[in-house]
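# Coordinates in review
The residues making up each chain are set out below.
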Amino acid sequence: MKNEHNGYALITGATGGLGKAFVFALAKRKRKLILTGRNEEKLLALRQEVFEKYSLDDVYVYAADLANEQDRYALTEKIAASGVKIGLLVNAAGADIQKEFALYTQEKINFQCRVNFEAAVSTCRFAIEHRAEYLEIINISSVSGIYPMPYFAIYSATKAALTSFSIALREELKGKNAAVTAVLAGAMPTRDDIKEQIKGQGLWGKLAAKSPEWVAEYSLKAVRKNKRKTIAGAWNKVMYFGTALLPQSWKLRFIANRWRKISKDAF
Ligand SMILES: NC(=O)c1ccc[n+]([C@@H]2O[C@H](COP(=O)([O-])OP(=O)(O)OC[C@H]3O[C@@H](n4cnc5c(N)ncnc54)[C@H](OP(=O)(O)O)[C@@H]3O)[C@@H](O)[C@H]2O)c1
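Heads up: these notes are all about the structure in this document. All values derive from a computational prediction rather than experimental measurement.

### A word on the overall build of the protein chain
- A tally of regular secondary structure across the protein chain gives 10 helices and 7 strands.
- Relative to its length of 267 residues, the protein chain is compact, with a C-alpha radius of gyration of 18 Å against a globular reference of 18 Å.
- Projecting the C-alpha coordinates of the protein chain onto the three principal axes gives extents of approximately 50 × 35 × 35 Å.
- Considering only intrachain contacts with a sequence separation of at least 6, the fraction spanning at least 24 residues in the protein chain is 69%.

See the structure below:
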């Protein structure tokens, strides 16, 4: 039963640029929502905005640090206690730390791996256990996971892992009233630092970037069709197919040259 009103939509990273775009896209469809992020104030403000713009009041908000196992456990316990069923899970929470690997602290390694991969896997497990009759899962991965990326190595590896996990999970859920889609997003002008980065890439940035609103709508359509994996944006698809046969050493050199100039750790 592919009914949009079937169960709640649980969105991680709901307070972020892409997360919010999902929240509004789903609120427009009058979908019941469960929103999570680290910051309770931001979540409450978002719930108020949803109410004012879309007259939707069936919205739970729960603050939790997904990098923290106890927080994650408390989050799932609270959702389970409310007795809701999950009809859609959107794993949009993510941390895109960029720097030379040698400069990472162990704490930052844990943080990025847990938010980008471990937390997404855990919420999938939770959604399956508390699923509505039909379950859709959107895992927001990245085109950065297509090739290993020097100077963005952990991010790229966690997104590659998320894509791989998502595809395997989809196969396990075949014939079980479920759809699982890995969305390989390209650049989206969400935060100021990302907007600057896209601007700095000139024409390339313009061609590759898609608005978070566009990516949210695109993802909802893709999971409705139960696409296994999808690259968001025509330019990103061209890049994927156009570079597939190039020698790995060329791609690594090109990526290293571009990415060694960028260092950011906003988390
Ligand atoms: N923007 C891009 O160019 C781009 C490109 C490809 C893929 N992506 C992926 O798209 C997704 C959304 O990106 P975005 O640009 O919208 O990012 P964003 O604006 O920075 O938002 C990130 C979201 O993740 C949440 N988050 C971060 N760490 C968390 C933690 N430890 N526990 C719980 N929540 C946490 C943040 O919540 P707080 O309110 O707690 O900060 C926020 O809601 C990410 O998975 C990202 O990797 C982004």
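Moving on from the model shown.
### Re the pairing of strand 4 (residues 86-91)
- Burial analysis of strand 4 places 6 of its 6 residues in the buried class, which makes it a mostly covered element.
- Pairing of strand 1 (residues 8-12) with strand 4 involves 5 bridges; the strand directions are parallel. When the sheet's bridge partners are listed, Leu10 is paired in strand 4 with Leu89.
- Relative to strand 5 (residues 131-142), strand 4 runs parallel, the two being bridged by 5 bridges. Of the residues in strand 5, the one forming a bridge with Asn91 is Asn139.

### Focus: the packing of helix 1 (residues 17-28) against helix 8 (residues 212-224)
- Look at helix 1 against helix 8: their axes get within 8 Å of each other, and the N-to-C directions meet at 60 degrees. Comparing the axis directions of helix 1 and helix 8 gives the class oblique. Note on packing geometry: the crossing formed by helix 1 with helix 8 is right-handed. Where helix 1 abuts helix 8, its residues Gly17, Leu18, Ala21, Phe22 and Ala25 lie against Pro212, Glu213, Val215, Ala216, Glu217 and Leu220.
- Looking at side-chain class alone, the contact of helix 1 with helix 8 contains 8 nonpolar, 1 polar and 2 charged residues.

### Some points on the site of the ligand
- Around the ligand lies a shell of 29 residues, among which Gly13, Gly16, Arg38, Gly94 and Thr190 are the nearest.
- Only helix 1 and strand 5 provide two or more residues apiece to the shell around the ligand.
- Its residues placed into classes, the shell around the ligand shows 14 nonpolar, 10 polar and 5 charged.

### A closer look at the pairing of strand 1
- In terms of burial, strand 1 is largely enclosed, as 5 of its 5 residues are buried.
- Neither face of strand 1 is open: one carries Tyr8, Leu10 and Thr12, the other Ala9 and Ile11, and all of them are buried.
- In terms of strand pairing, strand 1 meets strand 2 (residues 33-37) through 4 bridges, oriented parallel. Within the sheet, the bridge partner assigned to Ile11 lies in strand 2 and is Leu35.
- In this region the chain leaves strand 1, passes through helix 1 and returns to the parallel neighbour strand 2; the handedness of that crossover is right-handed.

### Structural notes on unusual backbone geometry
- The backbone of Tyr151 shows a phi angle near 70 degrees, a positive value even though the residue is not glycine.
- Among the secondary structure elements, Tyr151 is positioned in the loop between strand 5 and helix 5 (153-172).
- According to the C-beta neighbour criterion, Tyr151 is buried, with 20 such atoms within 10 Å.

### What about the packing of helix 4 (residues 106-129) against helix 5?
- Where helix 4 meets helix 5, the closest approach of the two axes is 9 Å, and the angle between their N-to-C directions is 10 degrees. Relative to helix 5, the element helix 4 lies roughly parallel. Contacts between helix 4 and helix 5 involve Ile109, Gln112, Cys113, Asn116, Phe117, Ala120, Val121 and Cys124 from the first element and Ile154, Tyr155, Thr158, Lys159, Ala161, Leu162, Phe165 and Leu169 from the second.
- Counted by class, the contact of helix 4 with helix 5 contains 12 nonpolar, 3 polar and 1 charged residues.

### Digging into the sheet that holds strand 4
- Pairing is parallel in the open sheet, where 7 strands are placed in the order 3-2-1-4-5-6-7. The open sheet has two edge strands with one neighbour each: strand 3 (59-63) and strand 7 (229-231). Ignoring strand direction, the axes of neighbouring strands in this sheet form an average angle of 15 degrees.
- Sheet contacts for helix 4: strand 1, strand 4 and strand 5; angle to strand 5, the most-contacted strand, approximately 170 degrees.

What counts, and where the lines are drawn
Residues numbered from 1 in each chain as written. Predicted model: local features only at pLDDT ≥ 70, side-chain atom pairs only at ≥ 80, totals over all residues. Helix = DSSP H or I, 4+ residues; strand = E, 2+ residues; numbered from the N terminus. Rg over C-alpha atoms; globule rule 2.2 N^0.38 Å. Contact = placed C-beta atoms within 7 Å. Buried ≥ 20, exposed ≤ 12 C-beta atoms within 10 Å, placed from the backbone. Pairing = 2+ DSSP bridges. Axes fitted to C-alpha atoms, helices over the stretch in contact; angles between N-to-C directions. Parallel < 35°, antiparallel > 145°, perpendicular 65-115°, else oblique. Left-handed = near helix turned anticlockwise from the far one by under 90°. Nonpolar A, V, L, I, M, F, W, Y, C, P; charged D, E, K, R; others polar. Near = placed C-beta within 6 Å. Right-handed = clockwise from strand over helix to strand, strands pointing away.

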